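# Overview (structure and organization)
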Amino acid sequence: MKMSDYNFAYLDEQTKRMIRRAILKGLAIPGYQVPFASREMPMPYGWGTGGVQVSAAVMVPEDTLKVIDQGADDTTNAVSIRRFFEKTAGVAVTEHTDQANVIQTRHRIPEQDLTEGQILVYQVPIPEPLRFLEPSEVETRKMHSLEEYGLMHVKLYEDIAQHGAIATAYAYPVRVEGRYVMDPSPIPKFDNPKLTMAGIQLFGAGREQRIYALPPYTDVVSLDFEDFPFEASKADHACGLCGAIDSYLDELIVDDQGARMFMCSDTDYCAGRQEETAA
Amino acid sequence: MQVSVLEGGFADAPVQSARAFREIMTAMAQPGRINTVDGAHAPGISVASSVALLTLCDPDTPLYLAPSLDTADLRNWIAFHTAAPLVTPDKASFALGAWSELLGQDFPIGIPEYPDRSATLIVEMPALSATGATLRGPGIKDMARLSLPDADAMRDNTRLFPLGMDFILTCGSQLAAMPRTTRID
Ligand SMILES: [Zn+2]
């Protein structure tokens with residue numbers, strides 16, 4: 001199909017207005033989950049339909065889009081979403097973090113700091129950080145309204161009692177502006193300190209029909225305890241490809257003998273460093 | 001129907017509303033920032049207010065019109081271009097008017113479980129500049145300045161957080177925003 005066969009960015013105008021209103025309320029109440037009426041998208045839920053709908057609602061034709069899946073630009077998921085917006089919104093695409101206006105991400109924050117004007121859109125599977133403590137939406141809404149976050153701390157403290165440290169490694173809960181407890185999506189906790197950034201962060205959960213947001217420079221604090229402060233940990237290695245010691249690493253089995261190698265999960269960051277070294 | 005009712009909308013709604021929303025969103029995300037919009041002009045109100053109505057309002061968003069703007073021309077324009085129902089302040093998702101006419105009205109501020117169910121006020125301003133009140137809070141690096149219509153009333157609104165109203169301030173083709181999180185020194 002040609003681009004002219006679709007409405008701009010696929011969604012109809014009324015749907016985009018509804019999502020846009022939810023985004024504005026999300027920005028006005030940082031960390032609070034705004035309900036929205038999620039639409040069927042031409043891709044399965046696991047592919048980030050919430051993120052795709054948010055991206056569709058914020059995109060302009062002049063944008064350059066980057067899509068990452070756990071840090072990589074070249075997975076099937078990332079490539080499909082990029083092609084979808086090339087076709088339906090006519091936007092340019094890039095793999096370079098610094099050249100993108102809109103970055104849709106699944107489970108990572110780019111290593112390179114975002115700047116003002118950049119928009120980071122997260123695909124979120126489970127937006128409610130209290131869900132594993134309380135299955136009822138009515139109850140979790142009440143808990144948020146009363147700032148009843150004691151159980152969350154108890155859960156984290158049980159980790160410490162059991163494992164000697166907080167075991168939660170992904171989707172590590174944060175407190176936003178001292179008010180709402182928020183699930184930052186399943187990013188590694190290594191990424192949590194980057195949640196306070198110059199870019200605009202928008203979170204879209206398609207199946208759960210929630211949108212939430214963080215304006216630039218919003219105060220975001222990972223939950224912790226005085227005697228067990230939060231630690232943005234990563235594998236204690238250097239990247240086997242570019243030598244970086246400050247980036248989040250994936251561990252890969254690289255041959256039939258089971259030899260392992262650590263490498264940057266952010267493929268653009270890693271490639272940029274390798275080019276610098278070669279030059 | 002008068003010609004003026006049919007005119008003044010977006011010529012290419014999908015693309016123009018996308019560009020307009022980017023300006024409104026970055027204004028809401030960065031209080032104090034003043035953005036410029038174009039492409040719409042309703043009878044008797046600013047370009048920026050017209051653009052905000054077209055971008056955000058539709059049959060799902062009850063709208064309150066301040067008395068001095070409540071003309072047949074503007075009513076017809078809103079009906080034709082947005083189909084937003086006109087309502088009293090207590091039922092409004094959006095409101096449009098000068099500050100003096102919006103002040104003290106009983107707009108929704110949300111409820112504890114759903115603070116998003118609150119009104120967004122589009123305020124027609126005589127001037128808009130990065131001067132005056134000092135702003136701090138989410139979206140602001142250190143501090144920003146903005147010519148607010150009424151710093152005291154906005155301070156009261158901020159105290160309601162996480163409840164409260166949010167504001168889009170318009171003047172000519174310019175707009176800025178004041179979410180309920182912005183602290184005013
Ligand atoms: Zn590397």
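See the structure shown above.
Quick look at the structure, then. Everything numeric here is computed off the predicted structure, so don't read it as measured data.

## Thoughts on the coordination of the zinc ion
All names here are of chain A. Binding of the zinc ion to the protein goes through Cys 239 (SG), Cys 242 (SG), Cys 264 (SG) and Cys 270 (SG), at separations of 2.2 to 2.3 Å. Its four donor atoms give the zinc ion angles of 104 to 116° at the centre, a pattern that matches the tetrahedral case. When the donor residues of the zinc ion are listed from N- to C-terminus, their spacing reads C-x2-C-x21-C-x5-C. Of this pair, Cys 239 sits in the loop between β10 (220-222) and β11 (249-253) while Cys 270 sits in helix α6 (residues 267-278), and the two are 31 residues apart along the sequence.

## Quick look at the nonpolar core
With 85 residues, the main nonpolar core has Ile23(A), Leu27(A), Phe85(A), Leu202(A), Met25(B), Leu53(B) and Leu96(B) as its most contacted residues. It is helix α2 (residues 13-29) of chain B that contributes the most residues to this core, nine residues altogether. If we skip the residues at most four places from it in the chain, Leu202(A) touches Ile23(A), Leu27(A), Val54(A), Val58(A), Ile119(A), Leu120(A), Val121(A), Tyr122(A), Tyr212(A), Ala213(A) and Met25(B). Counting residues in each nonpolar core, the second largest holds 27 residues, with Tyr64(B), Ala119(B), Leu146(B) and Cys171(B) among its members.

## Digging into the interface of chain A and chain B
Across the contact, 40 residues belong to chain A and 42 residues belong to chain B. Taken over both partners, the interface formed by chain A and chain B buries close to 3,300 Å², and the fraction arising from carbon and sulfur atoms is 63%. Of all residues in chain A, Arg21(A), Leu24(A) and Lys25(A) give up the largest surface area on contact with chain B, accounting jointly for 18% of the area buried on that side. When the shortest N-O distance is used, the salt bridge between Lys25(A) and Asp166(B) registers 2.8 Å.

## Let's talk about the pairing of strand β6 (residues 120-124) of chain B
All names here are of chain B. Counting buried residues along β6, five of its five residues qualify, which places the element largely inside the surrounding structure. Across the two faces of β6 the burial is the same, with Thr 120, Ile 122 and Glu 124 and Leu 121 and Val 123 all buried. Of the strand pairs in this sheet, strand β3 (residues 94-98) and β6 are connected by five bridges, and their pairing is parallel. The residue bridging Phe 94 from the neighbouring strand is Thr 120, located in β6. As judged from the five bridges shared by β6 and strand β9 (residues 166-171), these two strands associate in the parallel manner.

Conventions and cut-offs
- In this convention, every chain numbers its residues from 1, walking through the sequence in written order.
- All chains are assigned letters beginning with A, and all ligands numbers beginning with 1, in the order in which they are written.
- Reporting of local features is limited, given that this is a predicted model, to residues whose pLDDT is at least 70; pairs of side-chain atoms are given and counted only at 80 or more, and all residues count toward the totals for whole chains, interfaces and linings.
- In computing side-chain values, all of the structure's heavy atoms are included and hydrogens and water are not.
- Here a donor is an N, O or S atom found within 2.8 Å of the metal, or within 3.2 Å if the metal is Na, K or Ca; sites may look incomplete because water is not among the atoms.
- Irregular is the label for any site that misses the other tests, which are tetrahedral for four donors with all angles between 85 and 135 degrees, and square planar for four donors or octahedral for six when opposite donors exceed 155 degrees and the remaining angles lie between 65 and 115.
- Strands here mean DSSP runs of E at least two residues long; helices mean DSSP runs of H or I at least four residues long; both are numbered from the N terminus.
- Think of a nonpolar core as a cluster: buried Ala, Val, Leu, Ile, Met, Phe, Trp, Tyr and Cys residues, connected wherever their side-chain atoms sit within 4.5 Å.
- Under the scheme applied here, a residue whose accessible area is under 20% of the maximum for its type counts as buried, over 50% as exposed, and between as partly exposed, the area being computed with a 1.4 Å probe on protein chains only.
- Two residues qualify as a contact provided that any one of their heavy atoms is within 4.5 Å of a heavy atom in the partner residue.
- Here the quantity called buried area is the total loss of accessible area, with a 1.4 Å probe, experienced by two parts when brought into contact, counted for both.
- Salt bridge, as used here: a side-chain nitrogen of Lys or Arg that lies within 4 Å of a carboxyl oxygen of Asp or Glu.
- Paired strands are those between which DSSP finds at least two bridges.

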